[in-house]
Amino acid sequence: MLIESKHFGKLEIEEKEIITFPEGILGFQEINGYVLLEEKDSPFFWLQAVDVPEVCFIIVDPRIFYPDYNPNVAEDILASLEIKDKTELAYYTIVVIPDDVKKMRTNLQAPLVVNLQKRVAKQIVLNQPEYPLRYFILQELERGGKNAGIDQKTK
Amino acid sequence: MLVLTRKLNESIMIGDDVEITVVELKGDQVKLGISAPKEVGIYRREVYLTISEENKQAVNTNLEALRLVKNKVR
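Reading the values: the criteria
- Counting restarts for each chain: residues are numbered from 1 in the order of the written sequence.
- Chains carry letters from A onward and ligands carry numbers from 1 onward, assigned in written order.
- Residues qualify for local features only when their pLDDT is at least 70, as the model is predicted, and side-chain atom pairs are given and counted only at 80 or more; totals for whole chains, interfaces and linings, by contrast, use all residues.
- In computing side-chain values, all of the structure's heavy atoms are included and hydrogens and water are not.
- Between two residues, a contact is recorded if the distance between any of their heavy atoms is within 4.5 Å.
- Joining two parts hides part of their accessible area as seen by a 1.4 Å probe, and the buried area is that hidden amount summed over both.
- What makes a salt bridge here is a side-chain nitrogen of Lys or Arg within 4 Å of a carboxyl oxygen of Asp or Glu, nothing more.
- Two N or O atoms count as a polar contact when they lie within 3.5 Å, although within protein this holds only if one can serve as hydrogen donor and the other as acceptor, and sequence-adjacent residues are included solely when both atoms are side-chain atoms.
- Helix and strand assignments follow DSSP, with helices taken as H or I runs no shorter than four residues and strands as E runs no shorter than two, numbered in order from the N terminus.
- When residues are sorted by character, Ala, Val, Leu, Ile, Met, Phe, Trp, Tyr, Cys and Pro go into the nonpolar class, Asp, Glu, Lys and Arg into the charged class, and all the rest, Gly among them, into the polar class.
- Any two strands with at least two DSSP-identified bridges between them are counted as paired.

What to know about the interface of chain B and chain A
Each partner contributes to the interface: chain B provides 30 residues, whereas chain A provides 45 residues. Buried area between chain B and chain A, summed over both chains or domains, comes out near 3200 Å², and the portion from carbon and sulfur atoms is 64%. Counting every contact that joins chain B to chain A gives three salt bridges. Linking Glu54 of chain B and Arg134 of chain A is a salt bridge whose minimum nitrogen-to-oxygen distance equals 3.0 Å. Here chain B is connected to chain A by nine residue pairs in polar contact (both at pLDDT 80 or more). Among the elements that make up the side of chain B that touches chain A, the one with the highest residue count is helix H1 (residues 45-58) of chain B (10 residues). Here the residues of the side of chain B that touches chain A are counted per class, giving 13 nonpolar, nine polar and eight charged.

Brief notes about the pairing of strand S4 (residues 33-38) of chain A
All names here are of chain A. With two bridges connecting them, strand S3 (residues 19-20) and S4 associate as antiparallel partners. Bridge pairing in S4 places Thr20 opposite Gly33. Both S4 and strand S5 (residues 44-49) contribute to a ladder of five bridges, which runs antiparallel. Across the sheet, the residue bridging to Leu36 is Leu47, located in S5. Counted between consecutive antiparallel strands, the loop separating S4 from S5 contains five residues, among which Asp41 sits at a positive phi close to 55 degrees.

Encoded structure:
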């Protein structure tokens with residue numbers, strides 16, 4: 001099927017690629033279907049709404065720069081995503097890149113938890129204070145924070 | 001907004017599937033029990049609002065900005 005996207009124009013996608021968020025994403029509850037698009041040569045992905053071209057999020061697996069990221073996911077959430085074991089879950093966090101790109105940040109408090117096999121997902125809200133709403137990725141990398149994932153050439 | 005008064009252990013139904021019960025009253029705090037289908041999200045209002053707001057900021061990101069920073073994150 002053909003969809004319109006904000007950044008990539010018309011895209012041909014398969015029905016089976018669509019990831020369903022039964023409750024939508026907070027603030028965008030009316031939108032339930034998204035596709036995952038890779039951003040080449042980067043750990044980032046675009047989460048493009050299938051029916052609404054202007055709604056497109058940049059997301060990332062935060063374990064790239066925060067290897068110990070380990071959200072507590074309640075049993076009933078695992079059940080609603082048809083997951084038996086937490087290890088089958090994929091986590092992505094929504095990224096905000098403001099005008100000052102050095103202040104790029106991601107929401108560790110409300111990750112998207114995804115069952116990639118069944119193509120079903122949910123945004124959950126964590127109660128873990130070590131995972132803030134705004135985690136400043138570049139600033140933390142510079143501090144030699146959670147990992148040594150900074151490209152030496154850019155130093 | 002519909003305003004209803006309830007006593008301890010009384011409930012309110014919203015539609016056929018959501019039930020809210022006054023579980024405990026202690027000083028100026030009310031403890032509410034909420035029964036709803038799995039697909040319905042239940043959040044404290046201020047949490048819901050901050051996360052919605054942050055999500056709305058996120059859709060304003062542009063392609064150019066991502067291309068500028070993507071090499072810095074590995």
